[in-house]
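# Understanding the architecture of this molecule
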Amino acid sequence: MRNYMIRRIGHSIFIVAGLMGLLFLAINVLGDPVELMADEDASQETIDALREKFGLNRPLHIRFADFYWDLARGDFGKSLRHRIDARDMIVDRLPNTAALAIVAWVIGMFGIPLGMLAARRPRGFVDRIVNILSFAVISIPQFWLALMLILLVSVQLDLLPTSGFKGLGPEGWKYMILPAMALSPLVMGRNAQITRSTMIEEIAKQYVATARSKGLAETAILYGHVLKNASISIVTLMGDELAGFMNGSTVVEIIFGWPGIGKLLIDGINARDLPVVTSSVFVIALMVMVINLAVDLIYTWLDPRISYS
Amino acid sequence: MRETHTTIRWSHWRRWLATSAVLLTLFAVACGASTPPTAVPAAAPAAAPAEPAAAAAPAAEPAMAQPTAAPAVPADARALTETRQFQSTPTPEAAMAAATATPAPTPTPGTVFTAKDTIYLVTQEEPVSLGTFSDGCSGNVPSMICEEIASDPFTWIDSTNFEVVPLSGVESWSQVDPDRWRFKLRDGVTFHNGEPWNAAAAKFGLDWSGDPTSGGGYGFHGPISGEVVDNLTVDVVCEVACPIFPRTAIFSPFQAPEWYQNASDDERERNTIGTGPYKVVEWRPGVEVEIEAFEDYVPNTAFDAQAPSIKRAFQVWRGESLVRAAMIQAEEADWAVDIGFENLEAVPQAKTGTNNEVFTLVADNIWHPELSKKGVREALALGVDCQLLMETLYDGLQECIGNISQWGTVGINESNYADYGYDPDRARALLAEAGYYKDNYDSADNNFDVNEEIRIHTRAARVYRGLEMFESVVAGWRELGVNAHVVVLEPNRAREARRSGCGKFVTTTDGVKDTTQALACAEQDPPAPFGSTTHYYETATSNEALDMQRQLFLRNSCFNVNSRVCNLVPGFDGLTFEESINDAVATPLGPERTRKMEHLAQIIHDENWFLPFFVSVQVYGMAANLEWEPRYDPRIRVNTMRFTQ
């Protein structure tokens, strides 16, 4: 197990380093950040002066070498757009993205018991309802859902604030509800679908018939045996969804004014703000790797046949 | 079998019924939650009336969320703008008065705060920087704090009569030489941190503003510097004659020099220590910016230089116009910019104002094989039914125009501002005369794609329904047999398109500019970064100083990267067009300058170098108890806002 972990970490470092290199080339080849930084009507003198100020007039290979050297020291540099430390910007916003992601993800887990209920009696009434609802919520665009929630819950019913952020403490919880409600249905629907289909597949297997013939209670069969065998797929999906949330739910962040990484990353890409993009991608890649590693470790607990020795 | 088949059919129908029921329920919720569409009043963009004291009366009345209530905006925008034109065109006496304005100093009243002491302002995005000297402090509404709230420039343009007025720090000004203006500063004005406002501090700001590497006001007044005459007198020295400097001084930011010189880079980005009516309290990145009234602000006679009446203000931002409007409806915010025409009736109070930007297409008059022909450009202008587009897409709230700067600009008159009109028959004739149609073009089948392609390069979501408008324009052109397409460019590429003009050929060696290549740009290939003809590219070009000088330098000069015009036709009085620009710009305010500017603007109009559409209208949502009038430009001063209860 230890060797496995070391190998995984080594691979991850290699992958992240390669990713950062690709990012650098993409940002520099696909456009000039100085042209975007300056006012639209700025003179060529202003553009040239800015390019010199930020060292962007140096040869590409020198900037590439400096980039990796700074990366090795953990120095992502200052945002070209905002002129403040890029790492600080990410660190400020990471807890906001993580909190929203976790809340939406936890709400989404309610899809699992729904999927289990549906799987108990395929093509029954509950199964049909769960099926229809899960397809419906998967099909609803998050953008539209977010706006509808604002209009209905905030404007019409005046139950919650329309948008905004007041910290992650007790005062700020009500600002998280609508964004989480906008994000979670998709996850809930997918969890319900995957749970339902994998459980139906497992229920059809011979060992379930054997367990029933031995007189085990249905609940014991479902939760003790079937669910555990089906959970490999469920955990895989959940890990993928959490990793997706950690990328930042850009649309929801924009609509609700939630200060997360997603919008910062999109703005950074549009502005060719390399420090912000590299620090964002670095942090996101790190989180995705941690989540994938955790999922792999959970596999070994769920299925003792899986071993990384 | 039959029973099973029936069971299966019935199960199938039950599933469809259940699905339909769910979808209908969701649809009903959506329709019930949304504001019903209402007729938008067919009125012109609200403009400030003649007198500031009467500003509230003719402007849009508070429009409650009732479909039948219509804001009381003037029915005829043309009448309003004509009034504005009469007041704004400088007569010799007015020009001299403006040039040597000496407003009477006003005793400083104590600041009186209204009962509601906090205002929430919602913009489209977070400011990039709060430092008024920063490159990130660009001239848009999200940057309002650093641009015009925390820092008072020398002058301001009164939105009611377009006259230049002094702000807090200035008492008067006079022109000493063609390239030198003397500003008398007011005593007792301080920066937010207590540093004194004096000639040395003004010089610090002027030197920064005139530095080409600093951006900002440089784009309006070019290289300038400050010279201290005495403690409260500073000279502005321009590199070339600058007869309208007081106008361009609306973009002259100032900061406390001692603080600025000792501040870290972070501090310079996160704060402005200016002389403005509000000072920065805190910037919570991603969340809000808090400012508070500067209690030692010294008001002046101008409306925009009044003492603040609201104690605290917060700037927040939401990317969606519907969310901004929803915040007003839910009373979470008091003022929101750009809520969109569709939300006009949803908010307690809505006002419209222009944002001074002319939404226009810039033709590649130099490198495109067809757009370089006047006949083709004229035909394309005549092939756009602009009036129909304004009525269909903008409910008549936008007005078709024929030039690249708004009404009230020195140089704009009835003749050169007139819309081109719609005449498809004439357009076809012009295209045929210009040889646009290829031999294998068949007008009966309209196989337009055999002719030379003409593109519209645009950005996404730059202007409300901009893309729909261009799609309509292109459809109309295709009816004429033009091989036209709309291409949406990614923001960086769009910038490259705009900045690939003749000015790219200007080179600087050891500080000396060489313009030879730029003057001969037509003989060379299209320059990088775009590297090929830009066809038509879309831009929304502003001109807050309201003088054609800016548009001439920016869009019609051989030496500007944004320009696709370089001596394509002669200018006036036997001069080349480029020489005419320099001559007109150097002419002092008065009838002669106006004549020259109008002549050049007429050429711009007649040559169809551009295809202007309208001056963009901004829709503001406001709380019912907030009193404020939009300006002709999107510059926001919180000290002009007050709560009525």
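The rules we used
- Residues numbered from 1 in each chain as written.
- Chains lettered and ligands numbered in written order.
- Predicted model: local features only at pLDDT ≥ 70, side-chain atom pairs only at ≥ 80, totals over all residues.
- Heavy atoms only, no water.
- Helix = DSSP H or I, 4+ residues; strand = E, 2+ residues; numbered from the N terminus.
- Contact = heavy atoms within 4.5 Å.
- Pairing = 2+ DSSP bridges.
- Axes fitted to C-alpha atoms, helices over the stretch in contact; angles between N-to-C directions.
- Salt bridge = Lys/Arg side-chain N within 4 Å of Asp/Glu carboxyl O.
- Buried < 20%, exposed > 50% of the residue type's maximum accessible area, 1.4 Å probe, protein only.
- Core = buried A, V, L, I, M, F, W, Y, C linked by side-chain atoms within 4.5 Å.
- Buried area = accessible area lost by both parts, 1.4 Å probe.
- Polar contact = N/O pair within 3.5 Å; in protein donor to acceptor, adjacent residues only side chain to side chain.
- Nonpolar A, V, L, I, M, F, W, Y, C, P; charged D, E, K, R; others polar.
- Domains from an automatic or database assignment.
- Disulfide = S-S within 2.5 Å.
- Phe/Tyr/Trp six-rings, centres within 6.5 Å; stacked < 30°, edge-to-face > 60°.
- pLDDT = per-residue confidence, 0-100.
- Right-handed = clockwise from strand over helix to strand, strands pointing away.
- Parallel < 35°, antiparallel > 145°, perpendicular 65-115°, else oblique.
- Left-handed = near helix turned anticlockwise from the far one by under 90°.
- Arc of directions from axis to C-beta.

Secondary structure summary: chain A contains 14 helices and 0 strands in total. For chain A, the sequential pattern of α-helices and β-strands runs α-α-α-α-α-α-α-α-α-α-α-α-α-α. Considering only C-alpha atoms, chain A reaches an extent of 85 × 60 × 35 Å along its principal axes. Contacts in chain A between residues far apart in sequence, at least 24 positions, make up 74% of those at least 6 positions apart.

A word on the sheet that holds strand β1 (residues 118–123) of chain B. Residue and element names in this part refer to chain B. Judged by pairing direction, the sheet is mixed, and its 10 strands sit side by side in the order β8-β9-β10-β1-β11-β18-β12-β17-β13-β14 without closing on themselves. The open sheet terminates on both sides in strands that have one partner only, identified here as β8 (278–284) and β14 (483–489). Pairing of β1 with strand β11 (residues 335–336), which is carried by 2 bridges, proceeds in the parallel orientation. Each residue of the ladder has a partner; that of Val-122, found in β11, is Ala-336.

Residues and elements named next belong to chain B. Read across the sheet, 4 strands follow the order β4-β5-β7-β6 without closing on themselves; strand pairing throughout is antiparallel. The two strands at the open ends of the sheet, each matched to only one other strand, are β4 (170–177) and β6 (224–230). Recorded for the sheet is a direction-independent mean angle of 25° between the axes of neighbouring strands. Bridge count between β6 and strand β7 (residues 233–238): 6 bridges; the pairing is antiparallel. Each bridged residue has a counterpart across the sheet, and for Glu-227 the counterpart in β7 is Asp-235. Of the strands in this sheet, β5 (180–185), β6 and β7 are in contact with helix α5 (residues 199–209), which crosses β6 at around 170°.

With that out of the way, let us pick up the pattern of salt bridges. Residue and element names in this part refer to chain B. The final tally for this structure, using the stated rule, is 40 salt bridges over all chains. Salt-bridge contacts for Arg-180 lead to Glu-227; the nearest nitrogen and oxygen are separated by 3.0 Å. Here Arg-180, found in strand β5, pairs with Glu-227, found in strand β6; they are 47 residues apart in sequence, far enough to count as distant. The class of Arg-180 is buried, set by a relative accessible area of 18%. Across the pair Asp-235 and Arg-182 runs a salt bridge whose closest N-O atoms are separated by 2.6 Å. In this pair, Asp-235 sits in strand β7 while Arg-182 sits in strand β5, placing the two residues 53 residues apart along the sequence. Here the residues in one salt-bridge network are Glu-282, Arg-284, Glu-288, Glu-290 and Arg-312, joined through shared partners.

It is worth spelling out the nonpolar core at this point. In terms of nonpolar packing, the biggest core is built from 77 residues, with Met199(A) and Phe256(A) touching the most fellow members. Discounting chain neighbours no more than four positions away, the residues touching Phe256(A) are Ala146(A), Ile150(A), Thr162(A), Ser163(A), Gly164(A), Leu178(A), Pro179(A), Ala182(A) and Arg318(B). By size, the runner-up hydrophobic cluster in this structure holds 53 residues, among which are Met327(B), Ala350(B), Leu371(B) and Val384(B).

With that settled, the discussion passes to the interface of chain A and chain B. Taken residue by residue, the interface counts 53 residues in chain A and 57 residues in chain B. Across the chain A to chain B interface the summed buried area is about 4,600 Å²; carbon plus sulfur atoms make up 52%. If you look at where chain A meets chain B, you find 3 salt bridges. Where chain A meets chain B, there are 5 residue pairs in polar contact (both at pLDDT 80 or more). Of all the secondary-structure elements, those providing two or more residues to the side of chain A that touches chain B are α2 (33–37), α3 (44–53), α7 (125–139), α8 (142–156) and α12 (250–256) of chain A. A total of 9 residues in the side of chain A that touches chain B trace back to one element, the largest contributor, which is α8(A). Across the side of chain A that touches chain B, the residue classes tally to 28 nonpolar, 10 polar and 15 charged.

It is common to report an interface's size as the accessible area lost on association of the parts. Residues and elements named next belong to chain A. Here chain A is described as being made up of domain 1 (2–72) and domain 2 (86–302). Relative to domain 2, the C-alpha centre of domain 1 lies at a distance of 33 Å. Domain 1 puts 16 residues into the contact, and the matching count from domain 2 is 14 residues. Of all residues in domain 1, Arg-8, Val-16 and Ile-27 give up the largest surface area on contact with domain 2, accounting jointly for 34% of the area buried on that side. In this assembly, domain 1 and domain 2 are joined by 0 salt bridges. On the surface where domain 1 and domain 2 come into contact, there are 0 residue pairs in polar contact (both at pLDDT 80 or more). Those elements that provide at least two residues to the side of domain 1 that touches domain 2 are α1 (2–29) and α2. When residues of the side of domain 1 that touches domain 2 are assigned to their parent elements, the largest contribution, 11 residues, is made by α1. Across the side of domain 1 that touches domain 2, the residue classes break down as 12 nonpolar, 3 polar and 1 charged.

Turning our attention to the state of the cysteines. Residues and elements named next belong to chain B. A complete count under the given rule lists 5 disulfides over all chains for this structure. Covalently, Cys-238 is tied to Cys-242 through a disulfide, its sulfur atoms 1.9 Å apart. Judged by the sign of its S-S torsion, about 80°, the bond between Cys-238 and Cys-242 is right-handed. Under the relative-accessibility criterion, Cys-238 is labelled buried at 4%. The disulfide partner of Cys-386 is Cys-400, and the gap between their sulfur atoms is 2.1 Å. Here the disulfide of Cys-386 and Cys-400 is left-handed, its torsion about the S-S bond being about -105°. Highlighted residues: Cys-386 in helix α12 (residues 386–394) and Cys-400 in the loop between α12 and α13 (414–417), separated in sequence by 14 residues.

All right, on to the packing of aromatic side chains then. Inspection of the entire model under this criterion finds 36 aromatic pairs over all chains. Measuring from centroid to centroid gives 5.0 Å for Phe24(A) and Phe67(A), while their planes differ by 35°, and the two rings are tilted. Here Phe67(A) lies in helix α4 (residues 60–72) and Phe24(A) lies in helix α1, a separation of 43 residues in the sequence. Across the pair, exposure class does not vary: Phe24(A) and Phe67(A) are buried alike. Ring geometry for Trp197(B) against Phe254(B): centres 5.1 Å apart, planes inclined by 75°, an arrangement best described as edge-to-face. With a gap of 57 residues between them, Trp197(B) in the loop between β5 and α5 and Phe254(B) in the loop between α7 (245–248) and α8 (257–262) connect regions that are remote in the sequence. No difference in accessibility class separates Trp197(B) from Phe254(B), as the two residues are buried.

Each turn of an α-helix holds 3.6 residues, which means side chains three or four residues apart point in the same direction. Along helix α11 (residues 374–382) of chain B, 7 of the 9 residues are buried, which leaves the element largely enclosed by surrounding structure. Residues of α11(B) that are buried include every one of Gly375(B), Val376(B), Arg377(B), Ala379(B), Leu380(B), Ala381(B) and Leu382(B), and no others.

Bringing the confidence of the model for chain A into the picture now. Confidence in the prediction of chain A, expressed as mean pLDDT, is 87, and 96% of residues score 70 or more. Of all the helices and strands in chain A, α2(A) carries the lowest mean pLDDT, 72, while α8(A) carries the highest, 95.

Looking now at the pairing of β14(B). Residues and elements named next belong to chain B. Looking at chain direction, strand β13 (residues 453–459) and β14 are connected through 7 bridges and run parallel. Residue pairing in the sheet places Arg-459 in a bridge with Leu-489 of β14. Viewed along the sheet, the connection from β13 through helix α15 (residues 466–479) into β14 turns out right-handed.

What follows deals with the packing of α7(A) against helix α9 (residues 173–203) of chain A. All names here are of chain A. Running from amino to carboxyl end, α7 crosses α9 at an angle of 140°, the nearest separation of the two axes being 8 Å. When the axis of α7 is compared with that of α9, the two are oblique. Between α7 and α9 lies a crossing of left-handed hand. Where α7 approaches α9, its residues Asp-127, Val-130, Asn-131, Ser-134, Phe-135, Val-137 and Ile-138 are matched on the opposing element by Pro-185, Leu-186, Gly-189, Arg-190, Ala-192, Gln-193 and Arg-196.

Residue and element names in this part refer to chain B. Within α12, the full set of buried residues consists of Cys-386, Leu-389, Met-390, Leu-393 and Tyr-394. Buried residues of α12 fall within an arc of 100° about the axis and therefore sit on the same side. The exposed set on the far side of α12, more than 90 degrees from its buried face, consists of Glu-391 and Thr-392. Lining the buried residues of α12 we find α15 and β18 (610–622). Two residues or fewer past α12, Asp-395 is found with a positive phi of approximately 50°.

With that out of the way, let us pick up the domain arrangement of chain B. Residues and elements named next belong to chain B. Domain boundaries assigned for chain B yield domain 1 (79–348 + 623–643) and domain 2 (354–617). Averaged C-alpha coordinates put domain 1 and domain 2 at centres separated by 31 Å. Taken together, the contacts link 26 residues of domain 1 with 29 residues of domain 2. Counting each side, the surface lost to burial between domain 1 and domain 2 is near 2,500 Å², with a carbon and sulfur contribution of 65%. Counting across the interface, domain 1 meets domain 2 through 0 salt bridges. Here domain 1 is connected to domain 2 by 5 residue pairs in polar contact (both at pLDDT 80 or more). Residue assignment for the side of domain 1 that touches domain 2 shows that the elements contributing at least two residues are α2 (77–88), α3 (92–99), α6 (218–221) and α7. With 5 residues, α2 is the single largest residue contributor to the side of domain 1 that touches domain 2. Classifying every residue of the side of domain 1 that touches domain 2 by side-chain character gives 14 nonpolar, 6 polar and 6 charged.

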